[in-house]
Amino acid sequence: MLKDMVQSHLLQVLALINHETLGLAPAELRADWNATIRRVGNIAEKITRFYGNRIAAIEVFNEPDNHDAGTNFSRFAPQDYGVLLRETYKRVRTAVAGEFRFAAGNVVATVTRG
């Protein structure tokens, strides 16, 4: 099991949460933004609880301001992305004690949990 391998080899985990993690098409993310916020928070909390202090960082949507060939692949309005990050942060900061990095595009913050 991956969790056992991570623990036995003292590896750390970088968790990337994006539309593929959620099993959604990009357009589905924006169709019900509040549901997307809840889903991202839920999965971030589950990953954090599962891997515990082995989480080195959680990245919420790599390059959220990027788009692919004009399809608006992963583009979010800055205010919407800010709400997504805030709500996700609230879910993971209390999941496990310790520090980890919370990554958002090019910005990385160190967060103390617990």
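Use the structure listed above.
For the structure given in this document, a descriptive report is provided here. (Residues numbered from 1 in each chain as written. Predicted model: local features only at pLDDT ≥ 70, side-chain atom pairs only at ≥ 80, totals over all residues. Heavy atoms only, no water.)

In terms of burial, strand 2 (residues 55-60) is a largely internal element, five of the six residues being buried. Pairing geometry for strand 1 (residues 13-17) and strand 2, over five bridges, is parallel. Bridging across to strand 2, Leu14 finds its partner in Ala57. (Buried < 20%, exposed > 50% of the residue type's maximum accessible area, 1.4 Å probe, protein only. Helix = DSSP H or I, 4+ residues; strand = E, 2+ residues; numbered from the N terminus. Pairing = 2+ DSSP bridges.)

With that settled, consider the side chain of Glu45. Here Glu45 shows up in helix 4 (residues 33-51). A distance of 2.7 Å separates the side chain of Glu45 from the side chain of Arg91, its partner in a polar contact. (Polar contact = N/O pair within 3.5 Å; in protein donor to acceptor, adjacent residues only side chain to side chain.)

With that settled, the discussion passes to the nonpolar core. Grouped together as the largest cluster of nonpolar side chains are 23 residues, with contacts concentrated most on Ile55, Ile58, Val60, Phe61 and Leu84. Looking at this core, the elements that each hand over two or more residues are strand 1, helix 4, strand 2, helix 5 (78-92) and strand 3 (98-104). A total of six residues in this core trace back to one element, the largest contributor, which is helix 4. (Core = buried A, V, L, I, M, F, W, Y, C linked by side-chain atoms within 4.5 Å.)

Attention shifts here to helix 5. In an α-helix, one full turn covers 3.6 residues, which means residues spaced three or four apart are oriented alike. In a regular helix each residue adds 1.5 Å, so 15 residues correspond to 21 Å; helix 5 covers 21 Å between its end C-alpha atoms and thus fits that length. When we look at burial in helix 5, the residues that qualify are Tyr81, Leu84, Leu85, Thr88 and Val92. Here the buried residues of helix 5 occupy an arc of 95° about the axis, which is enough to place them on one side. (Expected span 1.5 Å × (residues − 1). Arc of directions from axis to C-beta.)

This structure, assessed with the given rule, holds four salt bridges. Residue Arg91 is joined to Glu45 by a salt bridge in which the shortest nitrogen-to-oxygen separation is 2.7 Å. Of this pair, Arg91 sits in helix 5 while Glu45 sits in helix 4, placing them 46 residues apart in sequence. Glu87 is paired through a salt bridge with Lys90; the nearest N and O atoms lie 3.2 Å apart. On the criterion of helical spacing, the pair formed by Glu87 and Lys90 is a turn pair, its members being three residues apart in helix 5. (Salt bridge = Lys/Arg side-chain N within 4 Å of Asp/Glu carboxyl O.)

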